[in-house]
Amino acid sequence: MDFSEKNGSPGRNVYSEKNDCFEKDSPEKDLFSGKGVYCLIFENRNCKIEVGKKGKFSFSPGFHIYVGSALGPGGLKRLQRHIKLSRNRDRNPRWHVDYLHLNSAFRLVSAVYAFTSKRLECEIASRIGGDSVSGFGCTDCKCSSHLFYRSKNPLSEITEVFEASGISAFVLKL
């Protein structure tokens, strides 16, 4: 497993998915054990997508950040599911974000995650703030959105948000 520090800063680990982290008996599968919080960073071109019962959404070209939690029994295996779905595009959508994974205009470029049993998803979403897609990915909380837009790659911004929330960010570059 190739972990390295990003920009020499302690607490920021980068894992490049050059080695497939989905091999059945590989040690990398431990990346997805435990509970946590995560952000998916998509790069996308201009498009309109039908998102289940939510209706049609227009997306500007750039980057979209989805904030999610992995506190259930599967923990961060949920993150692994997201990565596989973006790669294979072989399942029916279950959550709002799945529609992004399945659309060819969107490409998952990075995932930022942290191990925690605390409910930090809404705090992270609040700290990211800014341009957002109203009502996206937040049907089980009071947030206005869990999907945010940036014109430039927000990877360093997201790792800083994690650190400001008191958790160490791990980065998967996909």
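For the structure itself, consult the block above.
Residues numbered from 1 in each chain as written. Predicted model: local features only at pLDDT ≥ 70, side-chain atom pairs only at ≥ 80, totals over all residues. Heavy atoms only, no water.

A. Fine view of the packing of aromatic side chains. A full pass over the atoms with the stated rule returns 8 aromatic pairs. Aromatic side chains F42 and F106 sit 5.9 Å apart centroid to centroid with 80° between the ring planes, which places their arrangement in the edge-to-face category. Placement of F42 in strand β3 (residues 36-44) and of F106 in strand β7 (residues 106-115) is noted, with a sequence separation of 64 residues between them. As far as the burial class goes, F42 and F106 line up, both buried. A centroid spacing of 5.6 Å and a plane angle of 85° characterise the contact between Y113 and F115, whose relative ring orientation is edge-to-face. Using a relative accessible area of 1% as the deciding quantity, one classes Y113 as buried. The class of F115 is partly exposed, set by a relative accessible area of 39%. By the ring-pair criterion, three or more aromatic residues cluster together here, those being F42, F57, F59, F106 and F136. (Phe/Tyr/Trp six-rings, centres within 6.5 Å; stacked < 30°, edge-to-face > 60°. Helix = DSSP H or I, 4+ residues; strand = E, 2+ residues; numbered from the N terminus. Buried < 20%, exposed > 50% of the residue type's maximum accessible area, 1.4 Å probe, protein only.)

B. Structural detail: helix α4 (residues 155-164). Residues of α4 that are buried include every one of L155, I158, T159, V161 and F162, and no others. Angularly, the buried residues of α4 cover 155° about the axis, an arc narrow enough to put them on a single face. As for α4, its buried residues are in contact with β3, β6 (62-70), β7, α3 (121-128) and β9 (170-173). Directly beyond the C-terminal end of α4, a positive phi value near 85° is found at G166. (Arc of directions from axis to C-beta. Contact = heavy atoms within 4.5 Å.)

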